[in-house]
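Tertiary structure, described
As a plain string of letters, each chain reads:
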Amino acid sequence: DSGVTQTPKHLITATGQRVTLRCSPRSGDLSVYWYQQSLDQGLQFLIQYYNGEERAKGNILERFSAQQFPDLHSELNLSSLELGDSALYFCASSLGGTSYNEQFFGPGTRLTVL
Amino acid sequence: GNSVTQMEGPVTLSEEAFLTINCTYTATGYPSLFWYVQYPGEGLQLLLKATKADDKGSNKGFEATYRKETTSFHLEKGSVQVSDSAVYFCALSPLSSNTGKLIFGQGTTLQVKP
């Protein structure tokens, strides 16, 4: 158990809908990362937050947004969903926000868009 | 840009065989390098890392050496076990004081048969 929790474990929804994925980092970790794992694109970095502020952005679509709250949990919002958004979404947390800080991954949320 | 290339899988070995999974990278400067492992139905776990040239990362019998001259970080284990069956990801984190985002290779599936 990494100490990072993600809810829900599974999500099934229809095209055009909007969903929210939630991540609680390990106690004491200030940074949260979101990654998408799909069969065709592999594992891709989406976005990073550090202590409530956006720190880095990757291949995140404009239909997707995220935030980190004062209690340090984070939410990833996916809207106008398309079939291609079906994927496993991972959250990871680290104490600091640099490459020297080990990232601990949650178990993921599997999103299926029908 | 930054990228990671791993050998294609799946790799199928008998128990106690020697394992090598090749990984090469393209990056500006000297990134940190990582190997992550993903067991079925779980999130990623850090296996080992190296943060500068000629560093050797090691854990649970696995080793990898940061080779600047060949831009490689090959994963090796002298004697694999059935319990090592998993997907292995090579990753880099670009040299930056601002972010620890990870850029992953496509993953290599290892299957170890008794």
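What you see is a predicted model; the values in this text were computed from it and never measured.

In this section: the interface of chain A and chain B. Between chain A and chain B, the residue contacts involve 19 residues of the former and 22 residues of the latter. Taken over both partners, the interface formed by chain A and chain B buries close to 1,600 Å², and the fraction arising from carbon and sulfur atoms is 55%. The largest contributions to the chain A side of the interface with chain B come from A:Leu43, A:Ser99 and A:Phe105, which together make up 35% of the buried area. The tally of links between chain A and chain B comes to zero salt bridges. Here the side of chain A that touches chain B is built from residues that sort into ten nonpolar, seven polar and two charged.

This structure, assessed with the given rule, holds two disulfides over all chains. Between the sulfur atoms of A:Cys23 and its disulfide mate A:Cys91 the distance is 1.8 Å. Linking A:Cys23 and A:Cys91, the disulfide has an S-S dihedral of approximately -50 degrees and is accordingly described as left-handed. You can see A:Cys23 sitting in strand 3 (residues 19–24) and its partner A:Cys91 sitting in strand 9 (residues 87–94), a full 68 residues away along the chain. Assessed through its relative accessible area of 0%, A:Cys91 is described here as buried. Between the sulfur atoms of B:Cys23 and its disulfide mate B:Cys90 the distance is 1.9 Å. Across the S-S bond linking B:Cys23 and B:Cys90, the dihedral sits near -70 degrees, which makes this disulfide left-handed.

With that settled, consider the nonpolar core. All names here are of chain B. The biggest cluster of nonpolar side chains holds 25 residues, and the ones touching the most others in it are Leu 19, Trp 35, Leu 48, Phe 73, Leu 75 and Tyr 88. Contributions of two or more residues to this core are made by strand 2 (11–14), strand 3 (19–21), strand 4 (23–26), strand 5 (32–38), strand 6 (44–50), strand 8 (62–65), strand 10 (86–93) and strand 12 (108–113). Per element, the largest residue contribution to this core is four residues, and it comes from strand 10. Discounting chain neighbours no more than four positions away, the residues touching Leu 19 are Val 11, Leu 13, Phe 62, Leu 75, Glu 76, Lys 77, Val 80 and Leu 110.

On to the sheet that holds strand 8 of chain B, then. Residues and elements named next belong to chain B. Overall, antiparallel pairing links the four strands, which are arranged 3-9-8-7 in an open sheet. Edge positions in the sheet fall to strand 3 and strand 7 (56–59), since each of these pairs with one other strand and no more. Taken pair by pair, the neighbouring strands of this sheet meet at an average axis angle of 15 degrees, ignoring direction. Here four bridges tie strand 7 to strand 8, and the two strands are oriented antiparallel to one another. When the bridges of strand 8 are listed, Lys 56 appears paired with Thr 65.

Rules behind the numbers
- Residues numbered from 1 in each chain as written.
- Chains lettered and ligands numbered in written order.
- Predicted model: local features only at pLDDT ≥ 70, side-chain atom pairs only at ≥ 80, totals over all residues.
- Heavy atoms only, no water.
- Contact = heavy atoms within 4.5 Å.
- Buried area = accessible area lost by both parts, 1.4 Å probe.
- Salt bridge = Lys/Arg side-chain N within 4 Å of Asp/Glu carboxyl O.
- Nonpolar A, V, L, I, M, F, W, Y, C, P; charged D, E, K, R; others polar.
- Disulfide = S-S within 2.5 Å.
- Helix = DSSP H or I, 4+ residues; strand = E, 2+ residues; numbered from the N terminus.
- Buried < 20%, exposed > 50% of the residue type's maximum accessible area, 1.4 Å probe, protein only.
- Core = buried A, V, L, I, M, F, W, Y, C linked by side-chain atoms within 4.5 Å.
- Pairing = 2+ DSSP bridges.
- Axes fitted to C-alpha atoms, helices over the stretch in contact; angles between N-to-C directions.

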